[in-house]
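# Structural overview
Each chain, written out:
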Amino acid sequence: MTKAKILNQEFCLEASDPSLSSEDEEIRHNSTLNSLSFASNPFSQNINQKHPPAKTIIRSSMNSSDSLETSPNTRHSVSKTFVTKTTNFSVLTTINSGSLYKKNMSKSDDLMEELRSLIRKLGANNISLATKCHEIAQDAFESGRYYKAKAFYAKALEIFSIDFHTYYKDIAEIYEREGDILKLYGKYEEAQGKYNLSLSMRVTFLGDNHLDTALSLDKIAQVCMLQRKFDHAATFIKKSLETRNIYLAPKDFLFSNNYLAYCEYYAHQDNYLEALNYGEMALSLRVSKFGEIHESVAKVYESLGMVYKRQDNLQKALEMYTKACDIYEELYEEDHPEMILSLCELGDISIRLNKFEEAKSILKRGAKISRDFHLEENILFTRISYHLARIRRLKKEFDQAEESLKATVEIFKNSLGENHEEYWMCLNELCLLYLNRRDLQQAFEKFKMSIESRSKYACEAKDNIEIAKYEAFLYILEGDFKNGCTKFYKKLSLCHKNSHEHSCEAANSYLGMGLAYLLLDQAPKALKSFQKACSILIEFYDEHHQKILIAKILTAKAYSEVGLHERAIQKLSTVIQVMEELFMEDRDIYLDALIQLSRAYHRNKKYKEALETYEKVMRIMKGSSKENHPDLGMIHYEIGVTYYHLGQYLSAVDSLKESESIIQGSQNSAYNQLLYLIYYKLSCVYSKLGQKISIHYQQLCQQTHCSQKLEDFQMLVIYELSLYALFF
């Protein structure tokens, strides 16, 4: 059984639900998208019968007043995927039984007792009971107790279905709410099935141009966009708008639903100006109707935050999501599930702004709300776990990050599908993790998976740009630098084609091309590419943002490669000073800047300054998780070479021997041929010392074939720098 199925059984979300008849399944799969034709009567297949049989319209999830009892099927359907508390917070884990099982059984028992009490008071299977169950479900839904809402909606639906001609409005509303719950848990296809049933009910009894029908169309449009079915979404938005135009004045607040839908639609088409225009129109209508402190206003701020985030305007995105959170806090006066989305996005933005502790605190709050409201299986909780794993990777807690990311990849794949961008993002994060570890083979495989999936399901202009980026880096990981450069150029052309020539994606293309040019020994072209990237990034980020600092480090590297060592030293010194002023000494890029500065001093024959900087690098690396990392072996080698140029041959021997020991112990094939360079330099040092052992190392050189230069190994650091810039 897949993780997604285990994850969702508690909520009876399986497509093969035994409570559905074959006719029910037919309606679920054939309604709306494939059967609606807006050219004629869009709902013709749903109204062939004036009063269709109840069983073809109504899904009854429970068959008797005792249906909440824990039957064997119910007991086996309880989710077994949960999040355990650890000292490093949550790690997604799959188990066979445990505390979550017992907790859900306890919830089920409590609900069963509450329902039995109502039945004793109101009687079984009468309208009074259905009405009360509906009220309880509504209250539970609004307060975020979705488990309870699901159960009581099902009981109300069972009773209302006895006379669906009279209670069709209640039935349509229940289907809609059930769809909302399914959507919350990432079951978008099944949510759409519920919305289709609600739409079918409203069309049958109210007609295809009724305002309530437009509400169903709004819901279907939302879930289509979540499934990346943007053409379908546009069709439903248009039909909903046409219906409202028949009955409503131009500035009626209900039009805000359409404007908000268009805001999200155009954002996914990368038409941000149009998206923001519709978002502001929606905001104006809702504030005029409800005032600033209203849940529907918070929803608009969340959508505007999404647009700004896609636009890489992180400060504005932060402002929008903060406003949404503030509204929820004032409305509910305590933590509420409606806040989870904004908290999740605020955590993501804080990570992008390098505020890791702040991000962790925000995400922990979102996770706590999820647990308090029994929403551990909510797709947003999985997203929170993904962001926490990102923080772990950045803090070099690689084992825990890998465990959490692997579980998250599987959940996103099984619940959202391989065509969803969150699945791709998780694969990219795993790739970064493996590159941090210098496991190039694993990184290559994850990149390849991401490309294959995204190429198969591409449906946005942005997808093609992303695919070109991944393909380019895949070539570079393979060592095909020329094709890598060509692919980055293709990506840049796509950016220009889609009017993104001054976007962050264009800047990323220039960074990638610069990397490829460096690897091709075309440093002047690399320098121009890095400078262009810097000029674009400064339009989007504060000058102290990590992406800009990385671009400056890469630019300094290019300066050094073209022989402008003093300029490289000056630029790197400035970057290092900025990071020290911002207390960023614990970041990998601070260490990378020091390494590049050491090399710039070395190339400029300022060996004493190089040695001082190398020693600072060593202190940092020995105090971090890189203590036994092969990069440390490379630094020992470079220190040995520096001692050699200073004439301190015994110190050179010590450093080179230490380098040899680390590289041999690392068992990392990417560094094995660095041994050739170590043996060669040891033979030179011992020759200077007049020791015969130099002959031994000359023989080792002959036995160790090497076609690589030191710069090729140093480029592994540049790989990582570039990946941070491209994907962080």
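Given the structure is predicted, the values throughout are model-derived calculations rather than measurements.

This brings us to the overall build of the protein chain. The helix and strand tally for the protein chain stands at 35 helices and two strands. Scored against the burial criterion, the 728 residues of the protein chain give a buried share of 58%. Pairs at least 24 apart in sequence give 66% of the contacts found in the protein chain among residues at least 6 apart. Carbon together with sulfur atoms contributes 48% to the accessible area of the protein chain, which is approximately 29,700 Å² in total.

The first and last C-alpha atoms of helix α20 (residues 421-436) sit 23 Å apart over 16 residues, in line with the 22 Å expected at 1.5 Å per residue. α20 sits mainly inside the fold: 14 of its 16 residues count as buried.

The tendency in soluble globular proteins is for nonpolar side chains to be buried side by side. Counting 194 residues, the largest nonpolar core has F152, Y301, L304, V307, L537, M579 and I635 as its most contacted members. Among the elements that line this core, the one with the most residues is helix α7 (residues 146-160), at ten residues.

Right, let's talk about a negative patch on the surface for a bit. On the surface, D326, E330, E333 and E334 cluster together to form a negatively charged patch. Topologically, E333 is positioned in the loop between α15 (314-332) and α16 (340-352). On the basis of relative accessible area, E333 is assigned to the exposed category, the value being 71%.

The next subject is the environment of T204. Along the chain, T204 falls in helix α9 (residues 188-206). In this structure the C-alpha to C-alpha distance between T204 and Y168, which are 36 residues apart in sequence, comes to 9.4 Å.

A few words on the packing of α7 against helix α8 (residues 168-184). Packing of α7 against α8 leaves a shortest axis separation of 10 Å and a crossing angle of 150°. Relative to α8, α7 is oriented roughly antiparallel. In the packing of α7 onto α8, the handedness of the crossing is left-handed. Here Y146, A149, K150, Y153, A154, A156, L157 and F160 of α7 come into contact with α8, specifically with D170, I171, I174, Y175, R177, E178, I181 and L184.

This part covers unusual backbone geometry. Positive phi outside glycine occurs at R228, with the angle close to 65°. Tracing the backbone through its elements, the reader meets R228 in the loop between α10 (211-226) and α11 (230-247). In this model, H374 sits at a positive phi of 60°, which is unusual for a non-glycine residue. Inspection of the secondary structure assignment puts H374 in the loop between α17 (356-372) and α18 (379-394).

Turning to its location among the elements, K148 is positioned in helix α7. In this structure, K148 is in contact with L111, E114, I136 and A140, ignoring residues within four places of it in sequence.

Averaged over the protein chain, the pLDDT score is 76; the fraction of residues at 70 or greater is 72%. Scored below 50 in pLDDT, residues 1-103 makes 215 contacts in the model with residues more than four places away or belonging to other chains. Confidence drops under a pLDDT of 50 for residues 723-728, and excluding neighbours within four residues, the segment shows 32 contacts in the predicted structure.

On to α11, then. Over its 18 residues, α11 extends 27 Å from the first C-alpha to the last, a length consistent with the 26 Å expected when each residue adds 1.5 Å. When we look at burial in α11, the residues that qualify are F230, A233, A234, F236, I237, K239, S240, T243 and R244. Its buried side turned inward, α11 meets α10 and α12 (255-268).

Tallied over the full model, the rule gives 30 salt bridges. Between K187 and E190 there is a salt bridge whose closest N-O contact spans 3.8 Å. As a salt-bridge pair, E580 and K616 come within 3.2 Å of each other at their nearest N and O atoms. One end of the pair, E580, is in helix α27 (residues 565-581); the other, K616, is in helix α29 (residues 607-622), and 36 residues separate them in sequence. For E580, a relative accessible area of 29% gives the class partly exposed. On the basis of relative accessible area, K616 is assigned to the partly exposed category, the value being 29%. Shared partners join several salt bridges into a network, and the residues in it are K309, E345, D348, R352, R383, R390 and E422.

Moving on, we get to the packing of aromatic side chains. Under the defined criterion, the tally for this structure stands at 13 aromatic pairs. When the centroid spacing of 6.0 Å and the interplanar angle of 70° are considered together, the rings of F164 and F205 count as edge-to-face. One end of the pair, F164, is in the loop between α7 and α8; the other, F205, is in helix α9, with 41 residues separating them in the sequence. Residue class for F164 comes out buried when judged on its relative accessible area of 4%. Taking the relative accessible area as the measure of exposure, F205 reaches 21% and is therefore partly exposed. Look at Y262 and Y278: their rings are 5.1 Å apart centre to centre, the planes differ by 35°, and that puts the pair in the tilted class. One end of the pair, Y262, is in helix α12; the other, Y278, is in helix α13 (residues 272-290), and 16 residues separate them in sequence. Y262 sits in the buried class, given a relative accessible area of 12%. Looking at Y278, the relative accessible area reads 17%, which means it is buried.

Criteria and thresholds
- Residues numbered from 1 in each chain as written.
- Predicted model: local features only at pLDDT ≥ 70, side-chain atom pairs only at ≥ 80, totals over all residues.
- Heavy atoms only, no water.
- Helix = DSSP H or I, 4+ residues; strand = E, 2+ residues; numbered from the N terminus.
- Buried < 20%, exposed > 50% of the residue type's maximum accessible area, 1.4 Å probe, protein only.
- Contact = heavy atoms within 4.5 Å.
- Areas by Shrake-Rupley, 256 points an atom, 1.4 Å probe, with all protein chains shown as cover.
- Expected span 1.5 Å × (residues − 1).
- Core = buried A, V, L, I, M, F, W, Y, C linked by side-chain atoms within 4.5 Å.
- Patch = residues over 30% accessible without salt bridge, like charges linked within 9 Å, V, L, I, M, F, W, Y side chains within 5 Å.
- Salt bridge = Lys/Arg side-chain N within 4 Å of Asp/Glu carboxyl O.
- Lys, Arg positive; Asp, Glu negative; His and termini not counted.
- Charge placed at Lys NZ, Arg CZ, Asp CG, Glu CD.
- Axes fitted to C-alpha atoms, helices over the stretch in contact; angles between N-to-C directions.
- Parallel < 35°, antiparallel > 145°, perpendicular 65-115°, else oblique.
- Left-handed = near helix turned anticlockwise from the far one by under 90°.
- pLDDT = per-residue confidence, 0-100.
- Phe/Tyr/Trp six-rings, centres within 6.5 Å; stacked < 30°, edge-to-face > 60°.

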